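Descriptive analysis of the structure
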Amino acid sequence: MRDFGARDEDEQQAFLTQTWCDKCQQANLGMHTVIEYELKGVLFIEGKCTGCGEPVLTELTDDDF
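Everything in this summary refers to the structure shown in the same document. (Residues numbered from 1 in each chain as written. Predicted model: local features only at pLDDT ≥ 70, side-chain atom pairs only at ≥ 80, totals over all residues. Heavy atoms only, no water.)

Of regular secondary structure, the chain possesses one helix and five strands. Going from the N terminus to the C terminus, the chain shows its helices and strands as α-β-β-β-β-β. Relative to the 2.2 N^0.38 estimate, which gives 11 Å for 65 residues, the radius of gyration of the chain is 11 Å and therefore close to what a compact globule would have. Here the C-alpha coordinates of the chain stretch approximately 30 × 25 × 20 Å along the principal axes. Relative to its full complement of 65 residues, the chain shows a buried share of 29%. Pairs at least 24 residues apart make up 27% of the contacts formed inside the chain by residues separated by at least 6 positions. Working note: accessible area of the chain is about 4500 Å², and carbon and sulfur atoms make up 46% of it. Each charge class in the chain can be summarised by its mean position, and for the 5 positive and 14 negative side chains these summaries are 9 Å apart. (Helix = DSSP H or I, 4+ residues; strand = E, 2+ residues; numbered from the N terminus. Rg over C-alpha atoms; globule rule 2.2 N^0.38 Å. Buried < 20%, exposed > 50% of the residue type's maximum accessible area, 1.4 Å probe, protein only. Contact = heavy atoms within 4.5 Å. Areas by Shrake-Rupley, 256 points an atom, 1.4 Å probe, with all protein chains shown as cover. Lys, Arg positive; Asp, Glu negative; His and termini not counted. Charge placed at Lys NZ, Arg CZ, Asp CG, Glu CD.)

Of all the residues in helix α1 (residues 9-17), the buried ones are Gln-12, Phe-15 and Leu-16. End-on view of α1: buried residues confined to an arc of 100 degrees, all on one side of the axis. The N-cap residue of α1 is Asp-8: its side-chain oxygen and the backbone nitrogen of Asp-10 are 2.9 Å apart. (Arc of directions from axis to C-beta. Polar contact = N/O pair within 3.5 Å; in protein donor to acceptor, adjacent residues only side chain to side chain.)

Right, let's talk about the sheet that holds strand β4 (residues 42-49) for a bit. Spatially, the three strands line up as an open sheet ordered β3-β4-β5, and their pairing is antiparallel. Where the open sheet ends on each side, the last strands, each with one partner, are β3 (31-39) and β5 (55-60). Going across the sheet, the axis of each strand differs from the next one's by a mean of 20 degrees, ignoring polarity. Along the sheet, α1 makes contact with β3, β4 and β5, crossing β3 at roughly 105 degrees. (Pairing = 2+ DSSP bridges. Axes fitted to C-alpha atoms, helices over the stretch in contact; angles between N-to-C directions.)

Examined bridge by bridge, β3 and β4 share seven bridges and lie antiparallel to one another. Note on β4: the bridge partner recorded for Tyr-37 is Phe-44. Linking β3 to β4, which pair antiparallel, is a turn of two residues; within it Lys-40 sits at a positive phi near 55 degrees.

Moving on, we come to the nonpolar core. Membership of the largest hydrophobic core is limited to 10 residues, which are Phe-4, Phe-15, Leu-16, Cys-21, Met-31, Leu-43, Ile-45, Cys-49, Val-56 and Leu-60. When contributions to this core are tallied by element, the ones reaching two or more residues are α1, β4 and β5. Tallying contributions element by element places β4 first for this core, with three residues. (Core = buried A, V, L, I, M, F, W, Y, C linked by side-chain atoms within 4.5 Å.)

Remember, this is a structural readout, not a statement about activity or role.
Structure (structure tokens):
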């Protein structure tokens, strides 16, 4: 596990609002109940869609840094 709250506030807001929900098939619905973790050397930010409550997952790539 990593500390999502340790990120810059602007960066947190970008991750929380610039989302894609596979179930809703819509962009930027937002997410809540966010966790950040590393799995096999890859960083992930995961939360629940504010529209439907389904998981929303963001994989951080080198382009994000």
